Amino acid sequence: VQLQASGGGLVQAGGSLRLSCAVSGSILSLNAMGWYRQAPGKQRELVAIITSGGSTNYRDSVKGRFTIARDNAKNTVYLQMNSLNPEDTAVYYCNALDHARGMTYWGKGTLVTVSS
């Protein structure tokens, strides 16, 4: 399984971006997919996660602003980010869990920069 993240860029505070994570294999074989981010000098943190059943969970600081969704037909997971602020600036990574194989997959990050 390979993950390809895209959609990062430079945006002004208050703006929006949509990140995409394309999965090389079938997304249906994955138990959960998520988005993490890592800001300079900080640890990587979970932003949002969506299970194979469609359940979602978000870190408190993005609730109400970010939405994670999956398109099984396109084998893609999205992260819609609205009302962005400079604290959201980070490299965003796509993650996938395959419990049956005991595997965790990571995509290369995509940089999101929010200017004030």
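No experiment lies behind these values; they were computed from the predicted model shown.

Calculation notes
- Residues numbered from 1 in each chain as written.
- Predicted model: local features only at pLDDT ≥ 70, side-chain atom pairs only at ≥ 80, totals over all residues.
- Heavy atoms only, no water.
- Helix = DSSP H or I, 4+ residues; strand = E, 2+ residues; numbered from the N terminus.
- Polar contact = N/O pair within 3.5 Å; in protein donor to acceptor, adjacent residues only side chain to side chain.
- Contact = heavy atoms within 4.5 Å.
- Buried < 20%, exposed > 50% of the residue type's maximum accessible area, 1.4 Å probe, protein only.
- Salt bridge = Lys/Arg side-chain N within 4 Å of Asp/Glu carboxyl O.

Caption draft 1: Here's a closer look at the side chain of Arg65. Its location among the elements puts Arg65 in the loop between strand S6 (56-58) and strand S7 (66-71). Separated by 2.9 Å, the side chain of Arg65 and the backbone oxygen of Ser83 make a polar contact. The contacts of Arg65, once residues within four sequence positions are left out, are Gln80, Met81, Asn82, Ser83, Leu84, Asn85 and Asp88.

Caption draft 2: Representation of the environment of Ser61 within the structure. The residue Ser61 is located in the loop between S6 and S7 in this model. We classify Ser61 as partly exposed; its relative accessible area is 42%. Between the C-alpha atoms of Ser61 and Thr104, which are 43 residues apart in sequence, the distance is 25 Å.

Caption draft 3: Quick look at the pattern of salt bridges. The tally for this structure, following the rule as stated, stands at six salt bridges. For the salt bridge of Arg59 with Glu45, the shortest nitrogen-to-oxygen distance reads 3.4 Å. Taken together, the residues span a long stretch of sequence, with Arg59 in the loop between S6 and S7 and Glu45 in strand S5 (residues 45-51) at a distance of 14 residues. Since its relative accessible area comes to 25%, Glu45 is described here as partly exposed. We note a salt bridge from Lys63 to Asp60, for which the minimum N-O separation is 3.1 Å.

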